[in-house]
Amino acid sequence: MDKFWKNFKSGTDIRGVAVEGVEGEPLNLTDEVVGKMAKAFLLWLSKKTGRQAKELKVAVGHDSRISAERIRSAVVGAMVSCGASVLDCGLSSTPSMFMITLDKELDGSVQITASHHPYHRNGLKFFTPEGGLDGCDIEEILGFCDGEQFPEAAEGGMSVRVDYMKDYAAHLRRVICEGIKSKHYERPLEGLHIVVDAGNGAGGFYAYDVLEPLGADISGSVYLDPDGMFPNHIPNPEDKEAMKSICGAVLDSGADLGVIFDTDVDRGGAVDSLGAEINRNRLVALASAIALENNPGGTIVTDSTTSAGLKKFIEGTLGGVHYRYRRGYRNVINRAIELNQQGIDCPLAIETSGHAALRENYFLDDGAYLVTMIIIKMAQLRAEGKTLAQLTADLEEPREECELRFKIKAEDFREYGQQVLTELEKYASQREEWLIADDNREGLRVSFKDEQGWFLLRLSVHDPIMPLNLESMKDGGCKAIASRLYEFLKGCGSLDLTAIEKFIG
């Protein structure tokens, strides 16, 4: 494939620059390019379904980015020119664009989004009724673009504007009503104060169309209105400023709970009434407690960077099985699906980034659905005089944790990164105090009893980077572990070790 088209692939999405004016990032998601991508998706769907493009029914939605309307017009126009029938959904969450394929019996859908990335970037995410596309599917679609392979132009195509988010919000309201089953069935959140921080993305609907109609007090919610310049903070539950914002909103309003979404609502996080974050490992722990309640002994699939305390919590406190897997939310989700197909009870796949997919919800990574499950559990516990914090009280959290990143200077970065990991495993196996994890499925994870911690060195999913995650239960532990590892790394001539050299001083 030509490098021009190859550069648009970002895991299981298409990403590019959609707005001019940012130095060093020229516009490449032009109307022509986007139109070709949309037609290529139709061709991909045609091959999958065995039907011509003019027989296909698809939906198109977008998040709040400033380039969304232009790209929406290009996508819809291209599909209509091939004779397809398009449901033009306007401002939508990414998960809703999967759900619409089921509800409306569509062949596929497109969400225009670049998740939490800066305002000038955008992209395309594709769904069929079976779920989101995988990386190999994206390569095939871009390959069609590279080879100028598209469906023929056809008459009869049409687009219809629909507001599917109202249907999607109604679905979430029904889930809450049925989950809580209060005596006031249609107002189960009466007496609860819940604030929402949508970060000016597509998540404001959750406050107005889900929580408030069910009786919740949403006063104190912030940044609900869509604004594609994201003037207040990055819509990203992993961002420190974003979490500081929702923590402040909870404390300022005296709310019982705060929830926060990324731009397109496929990720979520929460904050309890004391302003404590329910995020990353704590979010995984809470979601695991909820998922395992009706699936005793079940397996929870997470990414590789989760903490030692989380494994102890899932397996010791909850009685489940913790299965660490490769980074990348599709990797985690696909592995959970595979385990279920093998007869292993696996109700949840979740990344520390906030991508959480429950089996009961089609293994769809949906921040709004995750938050909905948390709210249901909070209401149930409240009726028993308990709190969410009590569910995860046994979770041991590290005193220190950090991530360092090393740029790979070798031309074939993937081959070099693998070589580093192979040599590191040999090095570690020769040292008695280096305890190699028995569940290494990505990179190499090594623990140290005296430092009460571990490191994980791995190769980035997409970039010429080797991230290093460190965690310790004692002060100064991460620096001590990094110092031990540096004795090996300083012999790796094609790694930029500036980050670890600064860290250890």
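Residues numbered from 1 in each chain as written. Predicted model: local features only at pLDDT ≥ 70, side-chain atom pairs only at ≥ 80, totals over all residues. Heavy atoms only, no water.

Draft legend 1. Here's a closer look at the environment of E32. The residue E32 is located in helix α2 (residues 31-49) in this model. Assessed through its relative accessible area of 57%, E32 is described here as exposed. As for E32 and I71, which are separated by 39 residues in sequence, their C-alpha atoms are 9.9 Å apart. (Helix = DSSP H or I, 4+ residues; strand = E, 2+ residues; numbered from the N terminus. Buried < 20%, exposed > 50% of the residue type's maximum accessible area, 1.4 Å probe, protein only.)

Draft legend 2. How the structure looks around the side chain of K377. Looking at where K377 falls in the secondary structure, it is placed in helix α12 (residues 367-383). Among the polar contacts made by the side chain of K377, one reaches the side chain of E293 at a distance of 2.6 Å. Dropping the residues within four chain positions of it, K377 is found in contact with I290, E293, L388 and L391. (Polar contact = N/O pair within 3.5 Å; in protein donor to acceptor, adjacent residues only side chain to side chain. Contact = heavy atoms within 4.5 Å.)

Draft legend 3. Region of interest: the sheet that holds strand β14 (residues 321-325). One open sheet holds the five strands; their spatial order is β14-β13-β15-β16-β17, and the pairing between them is mixed. What marks the edges here is a single partner per strand, and that holds for β14 and β17 (364-365). As paired strands, strand β15 (residues 348-350) and strand β16 (residues 356-358) are joined by three bridges and run antiparallel to one another. Bridged to L348 within β16 is L358. Against the sheet, helix α11 (residues 329-341) contacts β13 (299-303), β14, β15, β16 and β17, and its axis sits at roughly 160° relative to β13. (Pairing = 2+ DSSP bridges. Axes fitted to C-alpha atoms, helices over the stretch in contact; angles between N-to-C directions.)

Draft legend 4. Structural detail: the packing of aromatic side chains. Counted by the stated rule, this structure contains 16 aromatic pairs. Ring centres of F98 and Y362 lie 5.8 Å apart, and the angle between their planes is 65°; this geometry places the pair in the edge-to-face category. Placement of F98 in helix α4 (residues 94-103) and of Y362 in the loop between β16 and β17 is noted, with a sequence separation of 264 residues between them. Here F98 falls in the buried class, since its relative accessible area comes to 2%. Considering the side-chain rings of Y206 and F261, the 5.5 Å spacing of their centres and the 70° angle between planes classify their relative orientation as edge-to-face. (Phe/Tyr/Trp six-rings, centres within 6.5 Å; stacked < 30°, edge-to-face > 60°.)

Draft legend 5. Inspection of the sheet that holds strand β12 (residues 277-278) at higher detail. If you trace the four strands from one edge of the open sheet to the other, you get β9-β10-β11-β12, paired in mixed fashion. Of all strands in the sheet, those with a lone pairing partner are β9 (194-197) and β12, marking the two edges. As paired strands, strand β10 (residues 257-261) and strand β11 (residues 268-272) are joined by five bridges and run antiparallel to one another. Paired with F261 across the strands is G268, a residue of β11. Together, β9, β10, β11 and β12 form the strand contacts of helix α8 (residues 240-253), whose direction differs from that of β9 by roughly 155°.

Draft legend 6. Looking closely at the state of the cysteines. Applying the stated criterion across every chain, the model contains zero disulfides. The thiol of C492 is unpaired, and the distance to the nearest cysteine sulfur, on C402, comes to 18 Å. (Disulfide = S-S within 2.5 Å.)

Draft legend 7. Structural detail: the pairing of β10. Of all five residues in β10, five are buried; the element is thus mostly enclosed. Of the two faces of β10, the one holding L257, V259 and F261 and the one holding G258 and I260 are both buried throughout. As consecutive antiparallel partners, β10 and β11 are separated by six residues, and within that stretch V265 has a phi angle of approximately 70°, a positive value.

Draft legend 8. The arrangement of the packing of helix α9 (residues 280-292) against helix α10 (residues 308-317) in detail. Running from amino to carboxyl end, α9 crosses α10 at an angle of 10°, the nearest separation of the two axes being 10 Å. Judged by the inter-axis angle, α9 sits roughly parallel to α10. Two secondary-structure elements touch here, α9 through N281, V284, A285, S288 and L292 and α10 through L310, F313 and I314. Residues belonging to the contact of α9 with α10 are distributed by class as follows: six nonpolar, two polar and no charged. (Parallel < 35°, antiparallel > 145°, perpendicular 65-115°, else oblique. Nonpolar A, V, L, I, M, F, W, Y, C, P; charged D, E, K, R; others polar.)

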